[in-house]
Structures are given as structure tokens and as C-alpha cells.
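# Structural overview
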Amino acid sequence: MFCIIKYHIPILSEIQTITVNQTQNNYKEAHMTIIQERVKELIAKYGKGRENLLPVLQGVAETERYVSEYSMTVIAEAMGLSSADVYGTATFYSFMDTTPRGKYIIRVCKTITCFMKGKNQILLALEEALKIKLGETTPDKKFTLLETNCLGWCHKAPAMLINDDIHVDLTIEKVHEIIAEYKQKS
Amino acid sequence: MVKNTLKRIDLIFKHEDDCKEILQKTMQRSNEELINELIGSGLKGRGGAGFPTGLKWKLTSEAESDTKYIICNADEGEPGTFKDREILTRVSHKVFTGMALCGRIIGAPVGYIYLRGEYKYLTGQLQEELDKFHKICDEVGLDFRIKIFMGYGAYICGEENSLFESMEGKRGEPRNKPPYPTEHGYLGKPTVINNVETLAHTWTIFKYGAKKFRDLGVQDSRGSKLFSVSGDTPNPGIYELELGMTVEEFVEDFGDGDCKAVQVGGASGFCVPRKKFREIAIGYQGKLTGISLPTGGSMMLFNSSRSMYNLLSNYLEFFTEESCGQCTPCRVGTQQLLQGIRAVKRGEKQAAYLDKLLALTETMKSTAKCGLGQSVANSFQSIVENFREEMIY
């Protein structure tokens, strides 16, 4: 009996590993195709010249939520640039995320007026509501919590951006309400 | 309570939308006449640098090239500034009209609005307004189109040369000057680059004539200006005021009665302590106006509950992050200044170390490649010299 079980286990795990690898590969391939298609579509829209690099990168970041090194190489090849050039541009801009982010990226303004009007309390409230620390992403990949420099809402401080939407005159209660609303969104 | 001793001006946000009439009327006049009107108005760049707008247009129109560009700089990133967002939200057609007229004068069929990534929510409405405006251009027979180019979270791209680099798909790192944009701008072509507010003022000048604009303000600082007021004030918001007022007059209207200092021109501007309120005016430096501080419109008020150390360290954190890292004086200088004031505060360095840091800002002022590194000295010196005790204890 013992022997049989011992014999069976390796086979099972082998089968399992193969299945996992295959799904991973399939997933990876599917993802690569998506990126290639997306880049093709963006270049058709904007053009191949280097002056269109930023809009193309932004287009990828919009759908993928970040620009992976793989995406950068695809863009480089399609636009006739070196991947180092694309990497250089992509990593210069603070809104261009190069690591995977949550579906909703929260950027809390930390510049002077927001700082004076209590952005630290806002940050603490967000950490409490999301159960993550600054710079982290929730395990369900829904929220990422970041800080940013002046958002241009100093007269209605403190302020934060959630993706492209602005939220101003924040209070701790308001933060909890906003997060509850976003949590209900798909 | 608002005292309202300063005269409120209502030009920029004045409700008027006769784009077509202004374009038609202006297009009948010669380019030379229009440029002279603009020069005569005394309009200077409202982004803060204060270069005469008419001269900029004149130089670009005289530059020889098959292609030229007009770019509207909407990369409003200076801490405490938010007037350009309001202009683009409420009266974007005035900005477009200014761009179209500039395009006609210098010979540029295409214009761009470089909009900061933080204002992406404006694009939908702006595009709608643009579609309407393009129709008007077609109706009056003006071959001109405006495109929106999105920035992506980089303060330095408000610097004109970094902005061009960014639009060319590169890192937003400043170029050496000269050559200036009037000869060598976007894609190496002669380019007029104006702040949103500057372009909105050209509407007033072309509609009502240079005199109406020139009658406002004082010698060397003509016209009105939008001020973004924030901080410890009962009335935060955007106000259009005449140039030339003193900080004291400003504080009387906007202070909360306990104003300790005013930061004029944002983190890259100057901090004015209470004892100097009376002697300092807001405007461009000139022979007759005495000490005046230029500003892109950022006015932040601080009352006595604020620590000037916290203020300075917040500015320096901002500069450390936003320095593009290209030139050493700025990249290393900003970091050293931040570490330096922290060390003095913690008692790890003696108070005299502040003098070394002040000397460092002088070095940065004369050796940094662009305005960012050069202007760190403004806030650093004005805060450390006037509030030295707060840096130490």
C-alpha cells in the first residue's frame, strides 16, 4: 500500500506542475498578444515618430495600469527606438507606473497647503479604510495608496486623486465615504 | 471678513464669447499692427518669468523657418497655484483665441496645449470646447488647429525647454540656453510658448485695445493678474487684482489677522516676513517700482501657528523629488539642503552650518542649469535669513 501511494504522488504533482505551467504560459502568451495589439493600435492612432512616445506609453498605462518592461520592449521595437530610450522616458514621469498597480490608484497631495490642512490625518484614514500602508496595493488588487506633489487644489485642501478624478475638502468621514463607494464599484 | 480695499478686476472671467467677431476684426489688421498693440500693452509672461509677450511673438514671427509652433503651457505645477485650471474650466475659448491669433501672426497652423497629468479630468470638456472653436476657425477662414498633449506628473516640464523635450518623447530634462525657443523650440522649430493666463490676457488686449490693459497696474508691471490665494486665510480662492500692490495691502484683504509670513510665487518664490510687508510690492522688478517680487500667482499665507522649519522642509522635499537629476548642483544641492536643515534641527550640526547651506544656495543659483535649481535659493534664503531661530530650536 505504502509503496503504491509513494509511486502515485510524484506523478500527480508532475501532472499538476505541468498544468500550472501551461496555464501560466497560456496566460503570459495571451497577455503578450494583448500588449502587442494595444501598441499596434496606439501607433496607428498617434504615429511612429518619437514625439508620440509619451502618448503611446500613456495609452498602455491606461489599459494595463502600468507599463511593464515587456511593454517597453514592444514599444521600442515598434517605434524604432532602443529599449533604453523608452525605459528612460517611462521612468521619468511620476504618473507612469512601472510596477503593477491596483485598479484605483489613490494619490494624496502632500505639498504645503494640503500638509498644513491635515493631509497626514487623511492618509491615516485611508490606511485604516484600506488596511494597507502608504505605497502598498490591497491584496485584491483594487486600490494602491500613493502620495503626490501639488495637485492644484490648495484653496480646497486637502485633496487627492483617484485615477483621474479629483476629491477635495477632505475630512476623515469623507474619506471613509469615498472609499466605501469605490469598494462597491466593480 | 473680506475688507475689499484692493480693487477687484473682472476681465479674465468676464462672461463674453464673441470669438468669431474678435477673430474677424483682428484678422483685418496687419501682423505688425497687432504685435505693436501687444508690445504697447506692456503684457509680460504670467507664468512668473515675466518676459514681454509682444517681443516673444515678434521674435518668433521674424525667425525664418518653414514650420513654427504655438504652445500653451498648462503644466501648472508650482505649489499654491491653481488659476490656470480655473481659466481652462471657465474661459478656455479666450485662450484658444489667443493661440489662434498668435498662430496667424507667427505663421503656425498647429498649436498645442501641454496639460499637466493632474488635470486629466479637464480633457473631455476641453475637447468639446476645442471642437466648437475649430468650427469657428473654419467659418472665418483661419487654418488653425489645437491639440491637447498630456503631461504625466513632472513639475520640471513647466520649464519651457523641458516641456519641449517631454513633447518630443524624451525625459523632461532642460536644454542649455541659448538658443531660445523663439529660434529653436519644439522639434527644433521657432516656437512661442505662453502661459495659459498670458494668452487669456491677449483676448482683452485685442478686444478692448492696449490702453484698457495698460491703465491697470503700475510702471513696469502693467495690467491685472490672477492670484491663487491659499493657506491661513478666511478667503482662499482665485482673485484678479492689479499688479503693484504691497504685501501689506494684500494681507489686509486676505489675512486672518495673525499673518506671520506670505510666500509669494510658490515654493520657488520668496517668503516675506511680517516686518517687510510694507516695503515689498507684487509685480516685476523695475527701476521705479522699488523692491517687487514677481509671481506666477501663488500667494500662500501663514499665521503664527505655523513652523517655518516645517514649511522649508516641505519645500525642500518637493524640490528633491522634482529635480530632474540632470545637473549636479540641483540634484545634490537639494538633497544636501534638506539633510542639512534636518541635521541642524536635531542638533547634529551647529547653527553656523546654516551659513554653509546659504553659500550652497548661492552656488546653485549661479550654476544650476535651469530655473528649478536656481530658484531654490529664493525660498531657502528668505526663510533661513528671516526665521533663523525657528530653523535651530
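Residues numbered from 1 in each chain as written. Chains lettered and ligands numbered in written order. Predicted model: local features only at pLDDT ≥ 70, side-chain atom pairs only at ≥ 80, totals over all residues.

All right, on to the overall build of chain A then. Across its full length, chain A holds seven helices and four strands. Taken from N to C terminus, the helices and strands of chain A fall in the order α-α-α-α-β-α-α-β-β-β-α. Sorting the 186 residues of chain A into buried and exposed places 34% on the buried side. Taking all contacts inside chain A whose residues are at least 6 apart in sequence as the whole, residues at least 24 apart take part in 58%. (Helix = DSSP H or I, 4+ residues; strand = E, 2+ residues; numbered from the N terminus. Buried ≥ 20, exposed ≤ 12 C-beta atoms within 10 Å, placed from the backbone. Contact = placed C-beta atoms within 7 Å.)

Turning next to the packing of helix 1 (residues 19-27) of chain B against helix 6 (residues 123-140) of chain B. Residue and element names in this part refer to chain B. Two elements in contact, helix 1 and helix 6, have axes whose closest approach is 10 Å; the angle formed by their N-to-C orientations is 40 degrees. It follows from the interaxial angle that helix 1 and helix 6 lie oblique. Handedness of the crossing formed by helix 1 with helix 6: right-handed. Across the interface between the two elements, Cys 19, Lys 20, Leu 23, Gln 24 and Met 27 of helix 1 pack against Phe 133, Ile 136, Glu 139 and Val 140 of helix 6. Along the lines of polarity and charge, the residues of the contact of helix 1 with helix 6 split into six nonpolar, one polar and two charged. (Axes fitted to C-alpha atoms, helices over the stretch in contact; angles between N-to-C directions. Parallel < 35°, antiparallel > 145°, perpendicular 65-115°, else oblique. Left-handed = near helix turned anticlockwise from the far one by under 90°. Nonpolar A, V, L, I, M, F, W, Y, C, P; charged D, E, K, R; others polar.)

Residues and elements named next belong to chain A. The strand order 2-1-3-4 describes an open sheet built from four strands, whose pairing is mixed. Each edge of the sheet is formed by a strand with only one pairing partner; in this case those strands are strand 2 (143-148) and strand 4 (165-167). On average, adjacent strands in this sheet sit at an angle of 25 degrees to one another, irrespective of strand direction. Of the pairings in the sheet, the one linking strand 1 (residues 104-109) to strand 3 (residues 160-162) comprises three bridges and is antiparallel in character. In the strand pairing of strand 3, Val 108 is matched with Met 160. Relative to strand 1, helix 6 (residues 119-130) is tilted by about 160 degrees, and along the sheet it contacts strand 1 and strand 2. (Pairing = 2+ DSSP bridges.)

Now for the interface of chain B and chain A. Tallying the contact residues gives 39 residues for chain B and 30 residues for chain A. Mapped onto the side of chain B that touches chain A, the elements with two or more residues apiece are helix 7 (160-167), strand 7 (224-231) and helix 11 (308-322) of chain B. At six residues, helix 11 of chain B tops the list of elements feeding residues into the side of chain B that touches chain A. Class assignment for the residues of the side of chain B that touches chain A results in 16 nonpolar, 13 polar and 10 charged.

Inspection of the secondary structure assignment puts Glu 32 of chain B in helix 2 (residues 31-41). Sequence separation between Glu 32 of chain B and Ser 61 of chain B is 29 residues; the distance between their C-alpha atoms is 9.7 Å.

Within a regular beta strand, the side chains point alternately toward one face of the sheet and then the other, so they alternate between its two faces. Residue and element names in this part refer to chain B. Among the six residues that make up strand 8 (residues 237-242), five are buried, leaving the element largely enclosed by the rest of the structure. By the bridge criterion, six bridges tie strand 7 to strand 8 in an arrangement that is antiparallel. Paired with Phe 227 across the strands is Tyr 239, a residue of strand 8. In this structure, the hairpin formed by strand 7 and strand 8 is closed by a connection of five residues.

A few words on unusual backbone geometry. Pro 178 of chain B follows Lys 177 of chain B through a cis peptide bond whose omega is -15 degrees. The topology assignment puts Pro 178 of chain B in the loop between helix 7 and strand 4 (191-195). With omega at 0 degrees, the peptide bond leading from Pro 178 of chain B into Pro 179 of chain B counts as cis. Among the structural elements, Pro 179 of chain B can be located in the loop between helix 7 and strand 4. The backbone phi angle of Arg 65 of chain A is positive, close to 70 degrees, even though this residue is not glycine. With respect to the element layout, Arg 65 of chain A can be found in the loop between helix 2 (53-64) and helix 3 (69-79). Assessed through the 18 C-beta atoms surrounding it within 10 Å, Arg 65 of chain A is described here as partly exposed. The backbone of Asn 163 of chain A shows a phi angle near 50 degrees, a positive value even though the residue is not glycine. Among the structural elements, Asn 163 of chain A can be located in the loop between strand 3 and strand 4. Under the C-beta neighbour-count criterion, Asn 163 of chain A is labelled partly exposed, with 15 such atoms within 10 Å.

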